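Descriptive analysis of the structure
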Amino acid sequence: MPVLRPLTLGPYQVWPPVVLAPMAGITNVGFRRLCREQGGGIYVCEMITTRALVERNPKTLRMIAFGDDEKPRSLQLYGTDPEITAAAVRIVVERNLADHIDLNFGCPVPKVTRRGGGAALPWRRRLFARLVRAAVDAAAPSGVPVTVKMRKGIDDDHLTYVEAGLAAQEAGVAAVALHGRTASQRYSGTADWDAIATLKQALDVPVLGNGDIWEADDALRMVAHTGVDGVVVGRGCLGRPWLFADLEAAFNGRPERRLPTLGEVAATMRRHAELLVDQFVAGARNPARGERDGCTDFRKHVAWYLKGFPVGGELRRSLAMIESLAQLDDLLGKLDPTEPFPVTALGQPRGRTNSPGKVALPDGWLASRDDDTVPEGAEMDDSGG
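What counts, and at which threshold
- Along every chain, residues carry numbers that run from 1 in the direction the sequence is written.
- Note on the predicted model: pLDDT of at least 70 is required for a residue's local features to be given, and 80 or more for side-chain atom pairs to be given and counted; whole-chain, interface and lining totals, by contrast, use all residues.
- To obtain the side-chain values, all non-hydrogen atoms of the structure were included, while hydrogens and water were left out.
- Secondary structure is summarised from DSSP: a helix means a run of H or I of at least four residues, a strand means a run of E of at least two, and numbering begins at the N terminus for each.
- What the globule rule says is 2.2 Å times the number of residues to the power 0.38, and the radius of gyration is computed from C-alpha atoms.
- For each residue, the accessible area found with a 1.4 Å probe, counting protein chains only, is set against the maximum for its type, and the residue is called buried under 20%, exposed over 50%, and partly exposed in between.
- In this description, contact between two residues means that some pair of their heavy atoms is separated by no more than 4.5 Å.
- Here, Shrake-Rupley sampling with a 1.4 Å probe gives the accessible areas, and only protein chains in the shown set may cover a residue.
- Only four residue types enter the charge count: Lys and Arg as positive, Asp and Glu as negative, with His and the chain ends excluded.
- A single reference atom marks each charge: NZ on Lys, CZ on Arg, CG on Asp, CD on Glu.
- How far each domain reaches was decided by an automatic or database domain assignment.
- Accessible-area loss on putting two parts together, using a 1.4 Å probe and summing over both, is the definition of buried area adopted here.
- Each reported salt bridge corresponds to a side-chain nitrogen of Lys or Arg within 4 Å of a carboxyl oxygen of Asp or Glu.
- Distance and chemistry together define a polar contact, namely a pair of N or O atoms within 3.5 Å, with one atom able to donate a hydrogen and the other to accept it when in protein, and with adjacent residues in sequence counting only for side-chain atoms on both sides.
- UniProt positions are given in the numbering used here, feature names are shortened, and annotations may be inferred rather than shown by experiment.
- Any two strands between which DSSP finds at least two bridges are classified as paired.
- When the strands point away from the viewer and the connection leading from the first strand across the helix to the second strand turns clockwise, the crossover is called right-handed.

Another aspect to go through is the overall build of the chain. The helix and strand inventory of the chain stands at 15 helices and 11 strands. Expected size for 385 residues packed as a compact globule is a radius of gyration near 21 Å; at 20 Å, the chain falls within 12% of this value. Its C-alpha atoms give the chain principal-axis dimensions of about 60 × 50 × 40 Å. Buried residues in the chain amount to 57% of all 385 residues. Put simply, of all contacts in the chain between residues at least 6 apart along the chain, 73% involve residues at least 24 apart. Just so you have it, the chain exposes about 15,700 Å², and 48% of that area is on carbon and sulfur atoms. Of note, the chain has its 47 positive side-chain charges centred 2 Å away from the centre of its 48 negative side-chain charges.

Here's what the structure looks like:
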């Protein structure tokens with residue numbers, strides 16, 4: 001069992017040293033509460049774009065929502081313009097919207113990288129350093145810690161993670177998280193934990209490892225292999241929010257791991273849907289509409305929860321089309337509650353998987369590393385990825 005201390009992020013001591021990665025359309029208030037009910041850590045809301053925040057986009061402002069008992073409140077920002085990023089951070093701290101800000105430099109989605117944002121931006125090292133410094137300086141008067149999350153680089157021929165990590169440290173960030181894949185890998189192959197170890201050895205600030213943590217014991221193995229100060233969990237918790245209970249047990253040196261029966265999974269599904277309905281009803285003028293929207297939002301989770309269980313296709317399809325909690329209750333009642341957890345599903349990738357591919361970049365992006373011009377059109381008008 002690796003010996004760890006609580007993760008220090010500014011004034012916050014986080015135990016266990018676990019961070020829920022922001023995932024578009026997933027890590028909303030309801031899902032974060034469900035995960036927090038399982039175990040401790042930091043639970044990051046969906047990605048917020050700096051331009052949308054500065055321009056007071058109504059959808060974006062609605063997305064910046066936290067539970068009353070959520071502490072610290074963690075917000076991820078995506079930006080490419082240092083001035084706009086600084087303005088967005090000032091809004092966050094002046095309006096007390098969050099207690100921790102993470103900067104996104106890891107997104108590999110083509111619509112982001114072709115504009116020079118996300119995982120593409122650290123290649124322009126001067127622009128990267130300016131942006132991080134602007135965010136840290138804007139947050140400093142309020143004591144709000146700023147962290148960065150990034151990938152190894154654009155591809156194996158254009159790696160940036162050590163240089164970017166050092167630049168972020170010099171700019172004053174509280175921690176650096178590294179997903180051990182390049183942008184060209186997307187979510188394919190295996191994460192490079194050796195790269196995470198290299199970054200940990202290069203930096204003095206806390207380093208967090210991300211990539212291929214499907215089970216709690218994977219987190220322990222990553223810590224032992226890399227020496228990181230904590231782990232970031234994304235796809236591994238999809239349909240398995242109890243992973244955070246396992247992670248808490250693992251980091252506290254306890255051996256228990258949850259293998260819920262189908263009946264216990266059904267109860268978790270019901271709780272998840274209920275929390276989403278509560279979230280959507282709170283923001284709706286019509287409670288019936290709020291319930292329908294909450295159930296609609298839940299549908300995407302059905303396949304993840306039932307992964308590996310012997311549940312017929314018709315019942316799966318019906319569960320993925322619910323419009324009310326009453327419908328959900330009726331359908332969940334048709335599941336065999338005694339069905340044991342499919343252990344063959346343990347350690348298997350969850351969520352999106354895809355093939356590696358060439359990264360879409362702006363014309364001439366690789367020609368100069370020291371051009372700190374803000375990419376034209378890189379700022380995005382809406383949030384959530």
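More follows now that the structure is in view.
What follows is about unusual backbone geometry. At the junction of Trp15 and Pro16, the peptide bond is cis and its omega measures out at -5° in the coordinates. You can see Pro16 is positioned in the loop between β2 (12–14) and β3 (18–20). Looking along the chain, the bond that leaves Lys71 and enters Pro72 is cis, with omega of -5°. Structurally, Pro72 can be placed in the loop between α3 (58–63) and β6 (74–78). Positive phi outside glycine occurs at Arg56, with the angle close to 60°. A positive phi angle, close to 55°, is found at Arg186, a residue other than glycine. Position of Arg186 among the secondary structure elements: in the loop between β9 (175–179) and α8 (193–202).

Within the fold, Arg258 resides in the loop between α10 (243–251) and α11 (262–282). The partly exposed category is assigned to Arg258, whose relative accessible area is 31%. Separated by 15 residues in the primary sequence, Arg258 and Leu243 place their C-alpha atoms 7.9 Å from one another. Excluding residues that lie within four positions of it along the chain, Arg258 makes contacts with Gln38, Trp242, Ala245, Asp246 and Glu264.

Here we take up the domain arrangement of the chain. The domains assigned to the chain are domain 1 (7–252) and domain 2 (262–345). A C-alpha centroid distance of 29 Å is found between domain 1 and domain 2. Of the residues lining the interface, 14 residues belong to domain 1; the matching set on domain 2 comes to 13 residues. Note on domain 1 versus domain 2: buried area summed over both sides is about 1,200 Å², and carbon and sulfur give 66% of it. With its nearest N and O atoms 2.5 Å apart, the salt bridge here joins Arg271 to Glu37. Here domain 1 is connected to domain 2 by 5 residue pairs in polar contact (both at pLDDT 80 or more).

Turning our eyes to something else, we now look at the environment of Ala24. Position of Ala24 relative to the elements: it lies in the loop between β3 and α1 (29–36). With 324 residues separating them along the chain, Ala24 and Gln348 place their C-alpha atoms 21 Å apart.

This next bit is on the UniProt feature "binding site: FMN" (unreviewed entry) in the chain. UniProt records the feature "binding site: FMN" (unreviewed entry) at Pro22, Met23, Ala24, Gln76, Lys149, His179, Gly234 and Arg235, using the numbering of this structure. Take Lys149: it is sitting in strand β8 (residues 146–151). Accessibility expressed as a relative area gives 14% for Lys149, which makes it buried. Not counting the four nearest positions on each side in its chain, Lys149 is found in contact with Gln76, Asp102, Leu103, Asn104, Phe105, Gly106, Ala177, His179, Asn210 and Val232.

When you tally the buried positions in α10, you get 8 out of 9 residues, the bulk of the element. When α10 is considered as a whole, its buried residues turn out to be Leu243, Phe244, Ala245, Asp246, Leu247, Ala249, Ala250 and Phe251. In this structure, the buried residues of α10 make contact with β3, α1, β4 (42–43), α9 (216–226) and β11 (230–233). With its phi angle positive at about 80°, Gly253 sits one or two positions after the end of α10.

A few words now on the side chain of Arg350. Within the element layout of this structure, Arg350 appears in the segment after α15 (325–332). Of the side chains bearing the opposite charge, Glu215 lies closest to the buried Arg350, which forms no salt bridge; the N-O distance is 6.5 Å. Polar side-chain contacts of Arg350 include one of 2.8 Å to the backbone oxygen of Leu238. Only 2.6 Å separates the side chain of Arg350 from the backbone oxygen of Trp304, close enough to count as a polar contact. Not counting residues within four places of it along the chain, the set of residues in contact with Arg350 comprises Trp214, Arg235, Gly236, Leu238, Gly239, Arg240, Trp304 and Lys307.

Right, let's get into the pairing of strand β10 (residues 207–210). Covered by surrounding structure in β10 are Val207 and Gly209 together with Leu208 and Asn210, the residues of both alternating faces. In this sheet, β10 lies alongside β9 in parallel orientation, the contact comprising 4 bridges. Bridge pairing in β10 places Val176 opposite Val207. Handedness of the crossover joining β9 and β10 through α8: right-handed. Across 3 bridges, β10 lies against β11 in parallel orientation. The residue bridging Gly209 from the neighbouring strand is Val231, located in β11. Traced from β10 through α9 to β11, the parallel crossover comes out right-handed.

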